[in-house]
Amino acid sequence: MVSQQNIAHSITLPPPAGLLPIMHPGSMCSPAHLTVNPRRSQFFREDSVSLSCEDEDRSAGWTLRRNTTRETRTVCGNDFGKWSGSTCNIDFMIQFDSGVYWCESMEAAASQSINLTVSGGSVILQSPVLPVMEGDPLTLSCQSKQDSPLPAAFYKDGSLIRTEPGGHMTILHVSRSDEGLYRCNISSHGESPSSWISVTVLLSLMSCRTNQVKLNLSPNRSQFFKGDSVSLRCEDEDRSAGWTLRRNTTRRTRTQCGDGWGRPSGSSCNISVLVPWDSGVYWCESMEAAASQSINLTVSGGSVILQSPVLPVMEGDPLTLSCQSKQDSRLPAAFYKDGSLIRTEPGGHMTILHVSRSDEGLYRCNISSHGESPSSWISVTESDPAAVYSAVKGREDVTYGQMVFKDGGGRSKIRASDLAAVYSAVKTEETSYGQIVIRPNRSREFPLEPQVIYSSLK
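Residues numbered from 1 in each chain as written. Predicted model: local features only at pLDDT ≥ 70, side-chain atom pairs only at ≥ 80, totals over all residues. Heavy atoms only, no water.

Trainee: Sorry if this is basic, but what is going on with the overall build of the protein chain here?
Mentor: When helices and strands are counted, the protein chain shows zero helices and 45 strands. Residue burial in the protein chain is summarised as follows: out of 458 residues, 57% are buried. Sequence separation of at least 24 residues holds for 65% of the intrachain contacts in the protein chain that already meet a minimum separation of 6. (Helix = DSSP H or I, 4+ residues; strand = E, 2+ residues; numbered from the N terminus. Buried < 20%, exposed > 50% of the residue type's maximum accessible area, 1.4 Å probe, protein only. Contact = heavy atoms within 4.5 Å.)

Laid out in structure tokens, this is it:
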């Protein structure tokens, strides 16, 4: 619960207008910052927004990309918005502009990611785009499209916090307990979408090295049939932390194994009978808030799945895709990439002997008279990675993926996700859910891995 003594009764004005950099713990690890004007995460339909890629040394040509429920990795200027210099302008926002946005260079470096939600309703919640630092103030504003300011009721995790006559609520000193799903309501006007607000810890500012924990699963694949079983295991090299498996799904966010799903057994979590709503993003998290890479699992209620890698494939390595029917195996299958037929394989398996960046894309398969698999994004790394995979589960059983590249001891490269942040999220109706991964230093070196980012796919 939000502690009542931490909530200010006075009205706090929103941040000043202008293009303000979104600073967060990962900024030091990324060569670029993504800034947004106006500085908020929710917008009304027909609002406008400007997003700028700001590079400190101005050495890279940056483009703005996004994932939405309709498309993945689209580029500003080609598929949406107007690109001008280093800024992308969207003059007339609609609900389909809701999604995750990030800057990406030609060298595959990337900024932090941010989530934008466009509502067709009459009320929005103005909340931070990225996590709030522990101890800092947090102001939430409930805004009506017709009038402001109006009295508003604020909710966290479904429970009423309080009603504020000015439509603004301030938590003077946020703590980890303030992390949660917030929304607001203005009587006779309506309710805002919900947004997850996350809190980062001070130690995560120093996190710039990969974590020592890995999430492994058996069987090692990303798609499953309804009724299948899976075992997920948190493996820590120094075994110094007690790890918990967590997940985000379209129904609940940041739940742990044993809390309504799965059976914990030591460092493993076993799900004996998978159902479609087990689809989501899974990761290991310690009591100190360190976390592993995250992986996406998709559970299909159909008759065909595509067996593909859970994590990105290294450039030059072989990649084998298998099209599997629930009834039979080794049936002829047609394989597609980005909607276009690649070829039909009589044995239901397709191998790319040496993958390259051009092989990155959205894959699916089809077995005649049996059906079609969900689609999965396959990513390719450029070098030896301690890769962080993060994914967005969109509509219609489509798995969208992003990846973060390596640390070899030198400067990291990242792709489609911030090196300081794992983005993973799921969409359901008007609710935005986001995975929060916080990276305090555990021992020896500071981990070079995503710390905290709030971003989710609306």
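Trainee: Any chance you could explain the sheet that holds strand β30 (residues 291–300) here in plain terms?
Mentor: Within a beta sheet, neighbouring strands are joined by backbone hydrogen bonds and run either parallel or antiparallel to one another. Read from one edge to the other, the open sheet built from five strands follows the order β23-β30-β29-β25-β26, with strand pairing classed as mixed. A single partner strand is all that each edge strand has here, and the edge strands are β23 (223–225) and β26 (253–256). Here the average twist between neighbouring strands, direction ignored, is 35 degrees. The sheet contact formed by strand β25 (residues 243–248) and β26 spans three bridges and is antiparallel. Looking at β26, one finds that Asn248 is bridged to Thr253. (Pairing = 2+ DSSP bridges. Axes fitted to C-alpha atoms, helices over the stretch in contact; angles between N-to-C directions.)

Trainee: Would you explain the pattern of salt bridges in this entry?
Mentor: Any two side chains of opposite charge can pair if their charged atoms end up close together. Tallying each qualifying case throughout the model produces 19 salt bridges. Between Asp259 and Arg252 there is a salt bridge; the shortest N-O distance is 3.1 Å. Assessed through its relative accessible area of 40%, Arg252 is described here as partly exposed. Members of the salt-bridge network, linked through shared partners, are Glu179, Arg246, Arg254 and Glu285. (Salt bridge = Lys/Arg side-chain N within 4 Å of Asp/Glu carboxyl O.)

Trainee: How should I be thinking about the sheet that holds strand β31 (residues 304–307) in this particular structure?
Mentor: With antiparallel pairing, the three strands of this open sheet are ordered in space as β31-β33-β36. Of all strands in the sheet, those with a lone pairing partner are β31 and β36 (349–352), marking the two edges. With direction set aside, neighbouring strand axes in the sheet form an average angle of 15 degrees. Two strands pair when backbone bridges link them, and β31 and strand β33 (residues 319–325) are joined in this way by four bridges, in the antiparallel orientation. Looking across to β33, one finds that Gln307 is bridged to Ser322.

Trainee: How should the nonpolar core be read in this particular structure?
Mentor: One recurring pattern in soluble globular proteins: nonpolar side chains tend to sit buried together. In terms of nonpolar packing, the biggest core is built from 21 residues, with Val49, Leu51, Leu64, Ile90, Tyr101, Ile114 and Leu116 touching the most fellow members. For this core, the secondary structure elements donating two or more residues are β3 (32–37), β5 (49–55), β6 (62–67), β9 (87–90), β10 (99–105) and β11 (110–119). Once residues lying within four places of it in the same chain are set aside, the contact partners of Tyr101 are Leu34, Leu51, Leu64, Arg65, Arg66, Phe80, Ile90, Gln112, Ser113, Ile114 and Leu116. Grouped together as the second largest cluster of nonpolar side chains are 20 residues, Phe224, Cys234, Trp261 and Val310 included. (Core = buried A, V, L, I, M, F, W, Y, C linked by side-chain atoms within 4.5 Å.)

Trainee: Is there a simple way to explain the side chain of Gln223 in this structure?
Mentor: Secondary-structure assignment places Gln223 in strand β23. At a separation of 2.9 Å, a polar atom in the side chain of Gln223 contacts the main-chain amide nitrogen of Leu306. At 2.8 Å, the side chain of Gln223 forms a polar contact with the side chain of Ser376. Setting aside chain neighbours within four positions, we find Gln223 in contact with Thr298, Ile305, Leu306, Ser373, Pro374, Ser375 and Ser376. (Polar contact = N/O pair within 3.5 Å; in protein donor to acceptor, adjacent residues only side chain to side chain.)

Trainee: Explain the confidence of the model for the protein chain here, please?
Mentor: Low pLDDT marks stretches whose predicted atomic positions should not be read closely. Per-residue confidence for the protein chain gives a mean pLDDT of 74; residues scoring 70 or more make up 70%. Here residues 384–458 is a poorly scored stretch, pLDDT under 50, and it has 367 contacts once near neighbours within four places are set aside; other chains count. (pLDDT = per-residue confidence, 0-100.)

Trainee: How should I be thinking about the packing of aromatic side chains in this particular structure?
Mentor: The description of an aromatic ring pair uses the distance of the two centres, along with the angle that the planes make with each other. Here the structure, examined in full by the defined rule, presents two aromatic pairs. An angle of 85 degrees between the planes, with centres 5.7 Å apart, marks the rings of Trp261 and Tyr282 as edge-to-face. Taken together, the residues span a long stretch of sequence, with Trp261 in the loop between β26 and β27 (263–265) and Tyr282 in strand β29 (residues 280–286) at a distance of 21 residues. Of the two residues examined, Trp261 and Tyr282, each falls in the buried class. Between Arg66 and the ring centre of Phe80, over which it is positioned, the NZ or CZ distance is 4.0 Å. One Lys or Arg, Arg70, reaches over the ring of Phe96 and ends 3.4 Å from the middle of that ring. (Phe/Tyr/Trp six-rings, centres within 6.5 Å; stacked < 30°, edge-to-face > 60°. Lys NZ or Arg CZ within 6 Å of the ring centre and 35° of its normal.)

Trainee: Explanation requested: the state of the cysteines in the structure shown.
Mentor: A disulfide bridge is the covalent bond that connects two cysteines by way of their sulfur atoms. Across all of its chains, the model carries six disulfides by this definition. A sulfur-sulfur separation of 2.0 Å characterises the disulfide bridge that pairs Cys76 with Cys88. Measuring the twist about the S-S bond at about 90 degrees, one finds the Cys76-Cys88 disulfide to be right-handed. On the criterion of sequence distance, the pair formed by Cys76 in the loop between β7 (74–75) and β8 (82–84) and Cys88 in strand β9 is long-range, its members being twelve residues apart. With a relative accessible area of 0%, Cys88 lands in the buried category. With its sulfur 2.1 Å from that of its partner, Cys142 forms a disulfide with Cys184. Handedness of the Cys142-Cys184 disulfide follows from its S-S torsion of about 80 degrees: it is right-handed. On the criterion of sequence distance, the pair formed by Cys142 in strand β14 (residues 138–144) and Cys184 in strand β18 (residues 180–186) is long-range, its members being 42 residues apart. (Disulfide = S-S within 2.5 Å.)

Trainee: Would you take a moment to explain the pairing of β25 for this structure?
Mentor: On any regular strand, side chains alternate: one points to one face of the sheet, the next to the other face. Of all six residues that make up β25, five are buried, and the element is covered over most of its length. By the bridge criterion, six bridges tie β25 to β29 in an arrangement that is antiparallel. The residue bridging Thr244 from the neighbouring strand is Glu285, located in β29. Joining the antiparallel neighbours β25 and β26 is a turn of four residues.

Trainee: Sorry, what's going on with the environment of Ser84 here?
Mentor: Its location among the elements puts Ser84 in strand β8. Sequence separation between Ser84 and Ser52 is 32 residues; the distance between their C-alpha atoms is 9.3 Å.

Trainee: Quick question: what am I supposed to make of the pairing of strand β28 (residues 268–271) here?
Mentor: Where strand β24 (residues 230–236) lies against β28, four bridges are found, and the strand directions are antiparallel. Bridge pairing in β28 links Val230 to Ile271. Both β27 and β28 contribute to a ladder of three bridges, which runs antiparallel. If you follow Ser265 over to β28, its bridge partner there is Ser268.

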